[in-house]
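Secondary and tertiary structure notes
Listed here are the chains, written in short residue letters.
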Amino acid sequence: MFRYIALAFGALQLASAATVLTGQYTCDTAGDYTLCNDQWGIANGVGNQTSTLISASGDTISWSTNYTWANNENDVKTYANVLSNTANGVQIGSISSFPTAWTWDYETESSDLRADVSYDMWTGTAESGTAASSSSSYEIMIWLSGKGGIQPVGSLQTSGISLAGYTWNLWSGTTETWTTMSFVSADGDITSFSTDLTPFFQYLVDNQGVSSSQYIQAIQTGTEAFTGTANLVTSSFSVSLS
Ligand SMILES: *[C@@H]1O[C@H](CO)[C@@H](O)[C@H](O)[C@H]1NC(C)=O
Ligand SMILES: *[C@@H]1O[C@H](CO)[C@@H](O)[C@H](O)[C@H]1NC(C)=O
């Protein structure tokens, strides 16, 4: 009897334990994902950030991030994100299924917040490749939110694109060795997004010269923080690709 109670108590503790990541590049793997407290741009700012793994099972994950950043309001400080360890290695022209669902909100946010909430997806000519690496041909972003007047890389290409039941503005520009294409919501914050992502990629094949033989190498989703203070909670995120 005593032993039974001890085991049950242990299981309860496990279920309620959240992992808090504090380091500049600290990550934790859970379910199909790697959550990273990625603070790649903090040389340009002052502040701090943590990311918290709330729960994960299979292709569904819940997590949050708390941050406060100041200085250089046009520079990204961080990209707290989850990387899917399974949704990769499929050519755009061979996608059969690409469902995703993301429900998020700002539990707290400062009035001067400058940040996006975004998909950051990487394609290249090889079947596999690391995000933001020499194997990246394209960085394809979908901004579900952009606060404080921030802009994506490059310049506005096309306004008023209808995809997934929303209207988007497409931005494009080249940095490092890859081209960044960003679909930015023209409908304000989309806090509960559920769709198949294939039409976003097909749009780029049909209208922006992206080859359908490009492989989707990495899918990250998270938040680029420029300046301000926020607690962003993803209550549920999932993506799968086949
Ligand atoms: C994070 O930065 C804020 C603003 O500078 C500060 O008030 C807070 O104490 C810092 N937190 C940590 C854990 O360093
Ligand atoms: C994040 O911010 C929320 C809201 O202010 C707070 O309740 C929570 O304790 C914070 N979490 C961490 C890990 O700092």
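Conventions and cut-offs
- Residues numbered from 1 in each chain as written.
- Chains lettered and ligands numbered in written order.
- Predicted model: local features only at pLDDT ≥ 70, side-chain atom pairs only at ≥ 80, totals over all residues.
- Heavy atoms only, no water.
- UniProt positions renumbered as here; feature names shortened; annotations may be inferred.
- Pairing = 2+ DSSP bridges.
- Helix = DSSP H or I, 4+ residues; strand = E, 2+ residues; numbered from the N terminus.
- pLDDT = per-residue confidence, 0-100.
- Contact = heavy atoms within 4.5 Å.
- Near = heavy atom within 4 Å.
- Polar contact = N/O pair within 3.5 Å; in protein donor to acceptor, adjacent residues only side chain to side chain.
- Areas by Shrake-Rupley, 256 points an atom, 1.4 Å probe, with all protein chains shown as cover.
- Nonpolar A, V, L, I, M, F, W, Y, C, P; charged D, E, K, R; others polar.
- Buried < 20%, exposed > 50% of the residue type's maximum accessible area, 1.4 Å probe, protein only.
- Disulfide = S-S within 2.5 Å.
- Arc of directions from axis to C-beta.

As named in an unreviewed UniProt entry, the chain is Glycoside hydrolase family 12 protein, taken from Neolentinus lepideus HHB14362 ss-1. Comment text from UniProt for the chain, heading Sequence similarities (unreviewed entry), reads "Belongs to the glycosyl hydrolase 12 (cellulase H) family."

Moving on: the pairing of strand E5 (residues 60–70). Relative to E5, strand E4 (residues 46–57) runs antiparallel, the two sharing 11 bridges. Across the sheet, the residue bridging to Ser57 is Thr60, located in E5. Taking the residues that link successive antiparallel strands as the turn, the E4-E5 hairpin has two residues, and the phi of Gly58 there is positive, at about 60°. In this sheet, strand E15 (residues 215–239) lies alongside E5 in antiparallel orientation, the contact comprising nine bridges. In the strand pairing of E15, Thr60 is matched with Ser238.

As a further point, take the confidence of the model for the chain. Looking at the chain as a whole, its pLDDT mean stands at 94, while 93% of the residues score no less than 70. Considering only residues more than four positions removed or in separate chains, one finds that residues 1–16, a stretch of pLDDT under 50, has zero contacts.

Right, let's get into the site of ligand 2. Surrounding ligand 2, one finds Thr50, Thr52, Asn66 and Asn231. In this structure, an oxygen atom belonging to ligand 2 sits 2.2 Å away from a side-chain N or O atom of Asn66. Alone, ligand 2 offers 360 Å² of accessible surface; in the complex the protein occludes 41% of this. Among the residues making up the shell around ligand 2, the classes are represented as no nonpolar, four polar and no charged.

Burial of strand E14 (residues 192–196) is one-sided: the residues Phe193 and Thr195 facing one way are buried, the residues Ser192, Ser194 and Asp196 facing the other way are not. Judged from the five bridges that link them, strand E8 (residues 99–109) and E14 form a sheet pairing that is antiparallel. Counterpart to Thr103 in the pairing with E14 is Ser192.

Linking two cysteines covalently through their sulfur atoms gives a disulfide. Applying the stated criterion across every chain yields a total of one disulfide. Note on cysteine connectivity: Cys27 is disulfide-linked to Cys36, with sulfurs 2.0 Å apart. Between Cys27 and Cys36, the disulfide has an S-S torsion of 110° and is therefore right-handed.

Once that is clear, we can look at helix H2 (residues 198–207). Among the residues making up H2, those that are buried are Phe200, Phe201, Tyr203 and Leu204. Projected down its long axis, H2 shows its buried positions confined to an angular sector of 150°, all on one face.

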